[in-house]
There are 2 protein chains.
Amino acid sequence: MVRLSDVAVHAGVSVRTVSNVVNDFRHVAPHTRARVQASIDELGYRPNMAARNLRRGRTGLLALVVPEIDSPYFSDLAARTVRIAEDEGWTVLIDQTDGDPARERRLLHGERSQLVDGVIFSPWSVPAQELASRSDATPIVLLGEHDGAPPVDHVVIDNVRAAEEAVGHLVARGRTAIAAIGVRPTLGNATAHQRLLGHRRALATAGMEPRSDREAPVGSLHRAEGHRAMTELLDSLEPPDAVFCFSDQLALGALRAVVDAGLRVPRDVAVVGFDDIEDGRYAVPRLTTVSPDRDQIARLALQVLRDRLAGDDTPARVHTAGHRLVVRESS
Amino acid sequence: MVRLSDVAVHAGVSVRTVSNVVNDFRHVAPHTRARVQASIDELGYRPNMAARNLRRGRTGLLALVVPEIDSPYFSDLAARTVRIAEDEGWTVLIDQTDGDPARERRLLHGERSQLVDGVIFSPWSVPAQELASRSDATPIVLLGEHDGAPPVDHVVIDNVRAAEEAVGHLVARGRTAIAAIGVRPTLGNATAHQRLLGHRRALATAGMEPRSDREAPVGSLHRAEGHRAMTELLDSLEPPDAVFCFSDQLALGALRAVVDAGLRVPRDVAVVGFDDIEDGRYAVPRLTTVSPDRDQIARLALQVLRDRLAGDDTPARVHTAGHRLVVRESS
DNA sequence: ATGAAAGCGCTAACAG
DNA sequence: CTGTTAGCGCTTTCAT
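This text gives an overview of the structure that appears in the document. (Residues numbered from 1 in each chain as written. Chains lettered and ligands numbered in written order. Predicted model: local features only at pLDDT ≥ 70, side-chain atom pairs only at ≥ 80, totals over all residues. Heavy atoms only, no water.)

## Notes on the protein's contact with DNA strand C
Working step 1: If you check the shell around DNA strand C, you find 25 residues, and the closest are Ser14 and His27 of chain A together with Leu4, Tyr45 and Arg55 of chain B.
Working step 2: Counting only the atoms of DNA strand C within 4 Å of the protein, the fraction contributed by sugar and phosphate is 63%.
Working step 3: Within the side chain of Ser19 of chain B, a nitrogen or oxygen atom sits 3.2 Å from a phosphate oxygen of DNA strand C.
Working step 4: Residue Arg52 of chain B places a side-chain N or O atom 2.6 Å away from a phosphate oxygen belonging to DNA strand C.
Working step 5: Of all the secondary structure elements, the ones that give two or more residues to the surface near DNA strand C are α2 (15–22) and α4 (49–56) of chain A together with α2 (15–22) and α4 (49–56) of chain B.
Working step 6: At four residues, the largest contribution of residues to the surface near DNA strand C is made by α4 of chain B.
Working step 7: Among the residues making up the surface near DNA strand C, the classes are represented as 11 nonpolar, seven polar and seven charged. (Near = heavy atom within 4 Å. Polar contact = N/O pair within 3.5 Å; in protein donor to acceptor, adjacent residues only side chain to side chain. Helix = DSSP H or I, 4+ residues; strand = E, 2+ residues; numbered from the N terminus. Nonpolar A, V, L, I, M, F, W, Y, C, P; charged D, E, K, R; others polar.)

## Describing the interface of chain A and chain B
Working step 1: Listed by partner, the interface residues are 50 residues for chain A and 50 residues for chain B.
Working step 2: The contact between chain A and chain B buries some 4600 Å² in all, and 54% of this surface belongs to carbon and sulfur atoms.
Working step 3: On the chain A side of the interface with chain B, the three residues burying the most area are Gln114, Arg256 and Tyr282 of chain A, jointly 15% of the side's total.
Working step 4: Between the two partners, chain A and chain B, sit 12 salt bridges.
Working step 5: With a closest N to O distance of 2.9 Å, Asp98 of chain B and Arg83 of chain A form a salt bridge.
Working step 6: Here chain A is connected to chain B by 14 residue pairs in polar contact (both at pLDDT 80 or more). (Contact = heavy atoms within 4.5 Å. Buried area = accessible area lost by both parts, 1.4 Å probe. Salt bridge = Lys/Arg side-chain N within 4 Å of Asp/Glu carboxyl O.)

## Overview of the relation of the copies chain A and chain B
Working step 1: Least-squares fitting of chain A to chain B yields an RMSD of 0.2 Å, with the transformation described by 0.1 Å of translation along the axis and a rotation of 180 degrees. Expressed as an axis order, the relation between the two copies is that of a two-fold axis. (Least-squares fit on C-alpha atoms with pLDDT ≥ 70 in both.)

## Regarding the packing of aromatic side chains
All names here are of chain A.
Working step 1: Counted under the stated rule, the structure contains six aromatic pairs over all chains.
Working step 2: A centroid spacing of 5.4 Å and a plane angle of 55 degrees characterise the contact between Phe244 and Phe246, whose relative ring orientation is tilted.
Working step 3: Every member of this aromatic cluster is reached through a ring pair, and the members are Phe244, Phe246 and Phe274.
Working step 4: Just above the ring of Trp124 sits the side chain of Arg184; from NZ or CZ to the centre is 5.1 Å. (Phe/Tyr/Trp six-rings, centres within 6.5 Å; stacked < 30°, edge-to-face > 60°. Lys NZ or Arg CZ within 6 Å of the ring centre and 35° of its normal.)

## Overview of the nonpolar core
Working step 1: Within the largest apolar cluster, 97 residues are counted, with the highest numbers of intra-cluster contacts made by Phe244 of chain A together with Phe244 of chain B.
Working step 2: Discounting residues that sit within four places of it in the chain, Phe244 of chain A has contacts with Ala163, Ala166, Val167, Leu170, Ala179, Ala180, Ile181, Arg195, His199, Val272, Gly273 and Phe274 of chain A.
Working step 3: Residues Val65, Leu93 and Val119 of chain A together with Leu142 of chain B belong to the second largest nonpolar core, which totals 32 residues. (Core = buried A, V, L, I, M, F, W, Y, C linked by side-chain atoms within 4.5 Å. Buried < 20%, exposed > 50% of the residue type's maximum accessible area, 1.4 Å probe, protein only.)

## Notes on the protein's contact with DNA strand D
Working step 1: Close to DNA strand D lie 24 residues; Leu4, Tyr45 and Arg55 of chain A together with Ser14 and Thr32 of chain B are nearest.
Working step 2: Among the atoms of DNA strand D close to the protein, meaning within 4 Å, 58% are from sugar or phosphate groups.
Working step 3: Note that a phosphate oxygen of DNA strand D is positioned 3.4 Å from one of the side-chain N or O atoms of Asn23 of chain A.
Working step 4: In this structure, Arg55 of chain A approaches DNA strand D through a side-chain N or O atom, which is 2.4 Å from a base oxygen.
Working step 5: At four residues, the largest contribution of residues to the surface near DNA strand D is made by α4 of chain A.

## Topic: the environment of Phe121 of chain B
All names here are of chain B.
Working step 1: Note that Phe121 resides in strand β3 (residues 118–121).
Working step 2: On the accessibility criterion, Phe121 (1% relative accessible area) is buried.
Working step 3: With 19 residues separating them along the chain, Phe121 and Ile140 place their C-alpha atoms 7.0 Å apart.
Working step 4: Setting aside chain neighbours within four positions, we find Phe121 in contact with Val65, Glu104, Leu108, Leu131, Ile140, Val141, Leu142 and Leu143.

Dropping the structure here:
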């Protein structure tokens, strides 16, 4: 282990000067700088991050806490966040909770928060009130809506409007029996609820009656649940001629279920998803979906943390990122 | 900020005792422990990780460096690695390089390596020799084969054998014009080459001639490239009746290309992929693929790092994880 | 422009 | 079983 002082001795200067060179400060004579740099290279010096962090009181680390790294939506979001954060000098630490309340709490209140300067948190189970009341000083920004607009920074998309557009599109295509898949009654997270609201609103606008037997709950947002839910809908007395799924994964499962039932998409059943994951673009048929502006989501979240760390103590705000409906073959 | 000494004062004990409680050491009277714990809770004390890391000389962090977090294979591997590492008390920091040589080098030699105790590295561009000659003392384990068996720990699967099994399966199904998609001549990484080798070997075993016009190179492992490569193969004078793709993403792109050409899978063209990503299980038709044992890969990689950190200085070894051919509808 | 030295918060060797 | 204290490597105030 080569220390700063080793470099100083080797270069015949004080540690102060070496530190100045390492941190690229001004007020170092070009000649001195060159000599110090030569010593750094020769000795293979690398700053000890733990010592630097301790001294500076910052780590340069951000945590991105998501339910599942391996769901396409979150892995895509993570990739963008890491990329954008890197450009701003941050390192992102990705954690997964599986939506488990205990793990969400642990990451929220636990030791991890001492390791990072800020947290981008996508909660599933922990209710908004608890999020608002955390004692920790580490800035946090939430992804996704939470009922009651608590005093915590949020980055959201307009889920009600997006769902309304998606279902409105199915109405415009002449569908008259439109189901929804993805209701999640047990979650603290309000996203599914918002999409259900938009679904109902679009039906109402079209003069259609919302029917609870066409609002299918799911235990997860994965393909298997979409498949199961769609199969049940198709087995019902009045099967739907269109379905709006609250995630693309659910939609791809539903798509598969339609095929398994010997029917065709979109001829017999039109399918619309949500998230715009890559799989949907190459599915057979290609999936119509709502595409949230993920780059904007990542950028807004980082912006919030940067501002808070810079001392911004204005009241917490809700930042809304854009979205658009992408119509493809499945509808 | 509540410090260890604040808790000590509050509880009326020394910092040594508080530290003992925090780190769950023995030799603390139950009575004292309870009192200290009460103070910790009351004051909301959280250990300062930077200080702890500096003192201990370890950070408890591992880096998982992959080309793309958002490709299904790597995001799945990342999720497993994080989960398994967590059980062993590690925190995993995920980095992406986009396969870019400069970024791979930066993560390999740069300051990041001072932040973590060990590195799991899945290189694309940096050649094996360079990996072997890095000066850094941080233990590293590579994912994927590299020609020349350099003195660095590896975790691999038997790609030659796996590819041979996949293509052998197509032969057994009676296919006679079997193409390969996924050749990557420019990469330092030998994985694609190994799979090509297995492909050729299976053809040789079946008495078929390998044809370079049926070994399609790609610029990436994504769907779009699979689509493009398959379209070109189908447009050739003697289109194949089967294709072995070096990733499921390529295979799903190829699948789509077959459909776009007005043909059917597997009737006209059988398709086999590699990786066993979830999309493939719900594709239409479901994708036949080679499934690497990802849990074992993650476990072996962590095992290597744990051993190296514990002082194991035996020569670097190659650890081989299992795989199996999963036959589904596409073949 | 450079040097000397304090101290960030914690762990663990040493002492009792 | 508990207390005292040195020092991990770095940044930065103060002095020159």
